[in-house]
Amino acid sequence: MNRVREKLARDELVLCMGLRQARTADIPMIAAQAGFDSIYVDMEHSPVSLESVSTLCAGALGAGITPIVRPPGHGADWISRVLDGGSQGLLVPHVSSAQEARAIVQAARFPPLGHRSVMGATPALGYKALPLGETNKTLNAETIVIVMIETPQGVDLADEIAAVDGVDMLLIGSNDLCTELGIPGELRHPRLRAAYESVAKACRAQGKALGVGGIRGDIELQRQLLELGARFIIAGNDVAYLSAAARADVQSLRKIG
């Protein structure tokens, strides 16, 4: 079962850890023991291979947390292959229109919801042999489709995007969005706050979940976004966590050296 789906259905907070440099199945296990509900593998901003993506997804499934993949774009070939490799969800970047959202759903879901090509038993089902109709129905129900709002156009059309059948969540990519708005790095800027509120309103109106990324370390801002209705937060990634822990250790040791 998809842990993220279950927690969102109960209106509980989901915490996700991003992976950019991780390549082995033990890293999702470490994320699980740290308390994360999910990992997402970032193919947009790393050279990670499809083979490594599948390994990371298998590690997450074995650890009982939800593997999600951010493909490098909207291509149906990328979407189908990461799902066939074991991902239980998609985090698709730069979605700025309902038309783009519908094309993503078409690639991610089997008929009658879409036109995903049939593989049969997959890692996401533990390779369990099921009748094909049941396999397709189960994967349609368990796969979570998240579209990222990262442009002013996407904010303006958030209600139309959220209304697309088969989209489960709108996730605001804070860093790309504030860059597109001409305020890079200004996560407390009123224009970004207005964008958060607009997307949150669209999610409430259409009954879709709200997610946020790019705000690691700002607990007060995260609290404000939870009050707006966010229930999925990308808390940080492997590079940031490793760097922060290593830097803290070095600084401590330098003081006594």
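Here, residues in each chain are numbered from 1, in the same order as that chain's written sequence. For a predicted model such as this one, the threshold for reporting local features is a pLDDT of at least 70, and the threshold for listing and counting side-chain atom pairs is 80 or more; totals across whole chains, interfaces and linings nevertheless cover every residue. Side-chain numbers come from the whole structure's heavy atoms, not from hydrogens or water.

**Digging into the pattern of salt bridges**
- Salt bridge, as applied in this entry: a Lys or Arg side-chain nitrogen positioned within 4 Å of an Asp or Glu carboxyl oxygen. Scanning the entire structure with this criterion turns up 13 salt bridges.
- Between Asp42 and Arg20 there is a salt bridge; the shortest N-O distance is 3.1 Å. Taken together, the residues span a long stretch of sequence, with Asp42 in strand β2 (residues 38–42) and Arg20 in the loop between β1 (14–19) and α2 (26–34) at a distance of 22 residues.
- By relative accessible area, Arg20 is classed as partly exposed at 28%. Working definition: helices are DSSP H or I runs of at least four residues, strands are E runs of at least two. Numbering for both runs from the N terminus. Type-normalised accessible area, obtained with a 1.4 Å probe on protein chains alone, sets the label of each residue: buried when under 20%, exposed when over 50%, and partly exposed for intermediate values.

**Quick look at the packing of aromatic side chains**
- Pairing of aromatic rings covers Phe, Tyr and Trp, the last through its six-membered ring, and needs centres within 6.5 Å; plane angles under 30 degrees mean stacked, over 60 mean edge-to-face, and all others mean tilted. Summed over the entire model, instances satisfying the criterion amount to one aromatic pair.
- Taking the centre distance of 6.2 Å and the plane angle of 55° together, the rings of Phe36 and Tyr241 count as tilted. Residue Phe36 is found in the loop between α2 and β2, and its partner Tyr241 is found in helix α12 (residues 238–256); the two are separated by 205 residues along the sequence.

**A closer look at the environment of Arg81**
- Its location among the elements puts Arg81 in helix α4 (residues 76–84).
- Of the residues examined, Arg81 reaches a relative accessible area of 53% and is grouped as exposed.
- Taking C-alpha positions, Arg81 is 36 Å from Arg223, a pair spaced 142 residues apart along the chain.

**Digging into the pairing of strand β3 (residues 66–70)**
- Counted residue by residue, β3 has five buried out of five residues, so it is predominantly covered.
- Burial along β3 is two-sided: the residues Thr66, Ile68 and Arg70 and Pro67 and Val69 are all buried.
- For two strands to count as paired, DSSP must find a minimum of two bridges between them. Relative to β3, β2 runs parallel, the two sharing five bridges. Bridge pairing links Ile39 to Pro67 in β3.
- Note on handedness: a crossover is taken as right-handed if, strands pointing away from the viewer, the path from the first strand over the helix to the second is clockwise. In the classification by handedness, the crossover that spans β2, the intervening helix α3 (residues 50–63) and the parallel β3 is right-handed.

**Quick word on the sheet that holds strand β4 (residues 89–92)**
- Sheet architecture is closed into a barrel: eight strands sit in the order β1-β2-β3-β4-β5-β6-β7-β8, paired in parallel fashion. Across this sheet, the average inter-strand angle for adjacent strands is 25°, counted without regard to direction.
- Lying on the sheet, α3 is in contact with β1, β2 and β3; it crosses β3 at an angle near 155°. Where helices are involved, their axes are fitted lines through C-alpha atoms of the stretch in contact, as for all axes, and angles between N-to-C directions lie from 0 to 180°. Contacts are residue-level and defined by heavy atoms, with any inter-residue pair within 4.5 Å sufficient.

**Details of the layout of surface pockets**
- We place a 1 Å grid over just the protein atoms. Points where a 1.4 Å probe fits but has no way out form a cavity, open points with protein on both sides within 12 Å along at least 5 of 7 lines form a pocket, and any residue with an atom within 4 Å of a point lines it. Grid points are joined across faces, edges and corners, and a volume is the space filled by probe spheres set on the points. Computed from the structure, the largest pocket encloses a volume of approximately 310 Å³.
- If you go around the largest pocket, you meet 21 residues; those closest to its centre are Arg20, Tyr40, Asn175, Gly213 and Gly214.
- Broken down by element, the lining of the largest pocket gets its largest block of residues, four residues, from strand β8 (residues 230–237).
- Grouping the amino acids of the lining of the largest pocket by side-chain chemistry returns six nonpolar, nine polar and six charged. The residue classification treats Ala, Val, Leu, Ile, Met, Phe, Trp, Tyr, Cys and Pro as nonpolar and Asp, Glu, Lys and Arg as charged. All others, Gly included, are polar.

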